[in-house]
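Residues per chain, in single letters:
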Amino acid sequence: MDEVTGAELIAESLVKQNVKYMFGIVGVPVIEVAMAAQAAGIKYIGMRNEQAACYAASAVGYLTGRPGACLVVSGPGLIHALGGMANSNMNCWPVVVIGGSSDRSQETAGAFQEFPQVEACRLYSKFSARPSGLEAIPSVIEKAVRTSMYGRPGACYVDIAGDMVNAKVDRSKVRFVHACTPPPICLAQHDAVTEAIAVLKSAKRPLVIIGKGAAYGRAEVPLREFVESSKLPFLPTPMGKGVLPDDHPNCVAAARSRALLQTDVALLLGARLNWILHFGLPPRFDPNVKIIQVDLCPEEMGNNVRPAVALLGDVNAVVKQLHECLLKDGWKYPSETEWWRTLKEKMDSNAKISNALALRSSLPMNYYTVFHHISRLLPRDCIIVSEGANTMDIGRTMLSNFLPRQRLDAGTFGTMGVGPGFAIAAAAVERSENKGRRIVCVEGDSAFGFSGMEVETMCRYSLPIVVIVVNNNGIYSGVDPETWKEMEKTGDVTIIAPPVSLLPEARYEQVMSAFGGRGFLVRTVEELRNALQLSLSDWNRPSLLNVLIDPSSDRKEQEFPWLTRSNL
């Protein structure tokens, strides 16, 4: 008989479904699954925490369009991965989590790390199941991969009982299945497309809003054609940056608040009217704004604001429909309008304020100075990973993206701790595809603390990631070393220290050095530039720049803060 183990069936099934990357932490009962995956040609990266492993696997799904696999052990291992699954669902990224579980014969008996895993994962995934036997493994893996990609992408879970991993079955009894095809492409109704163009033409202050759904949907080519034919201004959401270059003449990101507040017709492409876009409601938006909504999920239509036109379909295909309709009509939005003048004046005004902050020579440095000099050194094609409150928010405005899917941040769920996992995933894909792009991970010091041990993973696999920790000694803000010493002298810091404070001038760079990477302590512009240039030139190992800034440094005054709770 030609026998095959459960572990081998899992690996073969993943390969059959074109899953090329696996991230995880092994232990009983899934060690053999990881070994079988490697033997089958899947790239396995062992992480230090299951959350980071799941973040990495989901980022692969976003970057490649095919889910990464996340392999975890039973009980606590699976529970740790739930955060990554929830983040994947909120971001609409495909990922398949494979969890070992207790032996079937020990269920309900108090087995080691016994936990109702299939039931628990139903809250955090689109699909959650355990194969009924070894024979069903390929079909369940296929359904998980397919479900993760079809419709609104998200997380799927496959549970593997411990006694199934090494059990054997005759191949002739296994239900093998073909690779699932790419998701079907849906077009919007023709009449709705025609109506959408009519609404756009009637607008005095139109705005195209490009979301990360447009990035995931690979809509960059038709979107460029549409924007350049229509001459419409566009605004990217944080992870919509780069679908069209940030330096495109029609990009009005530098006047974000003004554009959202005053637009009378907004074409929403793969973006949701959630907290990131202030729900589409006043005071951030005009109460009479008309929304043209393009989305592949019917349930998203009309969420918070009833659309003037709903275009249900694949964003890539729908933008092509809009462009074709526009070409037949021959309409272009005039370049000399009051709306364009308003937007350009606001962009110029904001640029002057940011430049003034960036060119300050005082020490410690502020956020704007740091990002100004980083931006001047980053390669145009680098992938930027970013997280942290002010670090991510200010970096979003000052670190430009010029290519699609080359910015990954805390996303829809506002999840802190995603940065190292995302960076490792991007580096793994980059190494495989050999495109020569650098991965730069810009972290707040608080955000870095969530997954900082993953720098060992970077060193172990020699991934040349450049980590920049913008260190202000706290969450949002911190205290300087002298103030901290005074607090220590006067009493119990658990009572006195502000809850947002972290250890002043913590030496994060030494964490990277401890594992064989390069670590740099940075206090001045010259040190920042030298360290970053050296790090970008080193393709053999990762680097970490610990950039000390003024603990009281803040962003410029905002009309409507992006990363804050919105009042309805």
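Reading the values: the criteria
Residues numbered from 1 in each chain as written. Predicted model: local features only at pLDDT ≥ 70, side-chain atom pairs only at ≥ 80, totals over all residues. Heavy atoms only, no water. Helix = DSSP H or I, 4+ residues; strand = E, 2+ residues; numbered from the N terminus. Rg over C-alpha atoms; globule rule 2.2 N^0.38 Å. Buried < 20%, exposed > 50% of the residue type's maximum accessible area, 1.4 Å probe, protein only. Core = buried A, V, L, I, M, F, W, Y, C linked by side-chain atoms within 4.5 Å. Contact = heavy atoms within 4.5 Å. Expected span 1.5 Å × (residues − 1). Polar contact = N/O pair within 3.5 Å; in protein donor to acceptor, adjacent residues only side chain to side chain. Pairing = 2+ DSSP bridges. Axes fitted to C-alpha atoms, helices over the stretch in contact; angles between N-to-C directions. Right-handed = clockwise from strand over helix to strand, strands pointing away.

## Concerning the overall build of the protein
Phase 1 of the analysis: The secondary structure content of the protein amounts to 22 helices and 21 strands.
Phase 2 of the analysis: Taken over the C-alpha trace, the protein has a radius of gyration of 25 Å; the compact-globule value for 568 residues is 24 Å, and the two agree within 12%.
Phase 3 of the analysis: When the backbone C-alpha atoms are referred to their principal axes, the protein occupies close to 75 × 70 × 45 Å.
Phase 4 of the analysis: Within the protein, the fraction of its 568 residues that count as buried is 59%.

## Let's talk about the nonpolar core
Phase 1 of the analysis: Ranked by size, the top nonpolar core spans 111 residues in total, and within it Phe-23, Leu-223, Phe-226, Leu-311, Leu-408 and Ile-465 carry the most contacts.
Phase 2 of the analysis: Tallying contributions element by element places helix α3 (residues 50-64) first for this core, with ten residues.
Phase 3 of the analysis: Dropping the residues within four chain positions of it, Leu-311 is found in contact with Ala-188, Ala-192, Val-193, Ala-196, Ile-292, Gln-293, Val-294, Asp-295, Met-301, Val-318 and Leu-322.

## Focus: the environment of Leu-377
Phase 1 of the analysis: By the element assignment, Leu-377 lies in helix α14 (residues 367-377).
Phase 2 of the analysis: A C-alpha to C-alpha distance of 7.7 Å links Leu-377 and Arg-529, two positions 152 residues apart in sequence.
Phase 3 of the analysis: Those residues in contact with Leu-377 that lie beyond four places of it in its chain are Arg-529, Leu-532, Gln-533 and Leu-536.

## Describing α3
Phase 1 of the analysis: Compared with the 21 Å implied by 1.5 Å per residue over 15 residues, the 21 Å span of α3 between its first and last C-alpha is a close match.
Phase 2 of the analysis: Of the residues that open α3, the one with a side-chain oxygen 2.7 Å from the backbone nitrogen of Gln-51 is Asn-49.
Phase 3 of the analysis: In the segment just after α3, Gly-65 is the residue with positive phi, at about 85 degrees.

## Side note on the sheet that holds strand β21 (residues 543-548)
Phase 1 of the analysis: Pairing within the open sheet is parallel, and its six strands lie in the order β15-β14-β16-β17-β21-β20. The outermost strands of the open sheet, each flanked by one partner alone, are β15 (407-408) and β20 (518-522).
Phase 2 of the analysis: Taken together, the six bridges between strand β16 (residues 439-444) and strand β17 (residues 465-471) define a ladder with parallel strand orientation. Paired with Gly-444 across the bridge in β17 is Val-470.
Phase 3 of the analysis: Against the sheet, α14 contacts β16, β17 and β21, and its axis sits at roughly 160 degrees relative to β17.
Phase 4 of the analysis: Relative to the sheet, helix α15 (residues 389-398) contacts β14 (383-387), β15, β16 and β17, its axis offset from that of β14 by approximately 145 degrees.

## Observations concerning the pairing of β20
Phase 1 of the analysis: In the sheet, β20 pairs with β21 via five bridges, with the strands oriented parallel. Directly across from Arg-518, in β21, lies its bridge partner Ser-543.
Phase 2 of the analysis: The parallel pair β20 and β21, bridged by helix α22 (residues 525-537), forms a crossover whose chirality is right-handed.

## With respect to the pairing of strand β9 (residues 206-210)
Phase 1 of the analysis: Within β9, five of the five residues are buried, which leaves the element mostly enclosed by the surrounding structure.
Phase 2 of the analysis: Across the two faces of β9 the burial is the same, with Pro-206, Val-208 and Ile-210 and Leu-207 and Ile-209 all buried.
Phase 3 of the analysis: Sheet analysis places β9 next to strand β11 (residues 265-269), joined by five bridges and oriented parallel. Looking at β11, one finds that Leu-207 is bridged to Ala-266.
Phase 4 of the analysis: Bridge analysis of β9 against strand β10 (residues 234-236) gives three bridges, and the strand direction is parallel. Within β10, the position partnered with Val-208 by the bridge is Phe-234.

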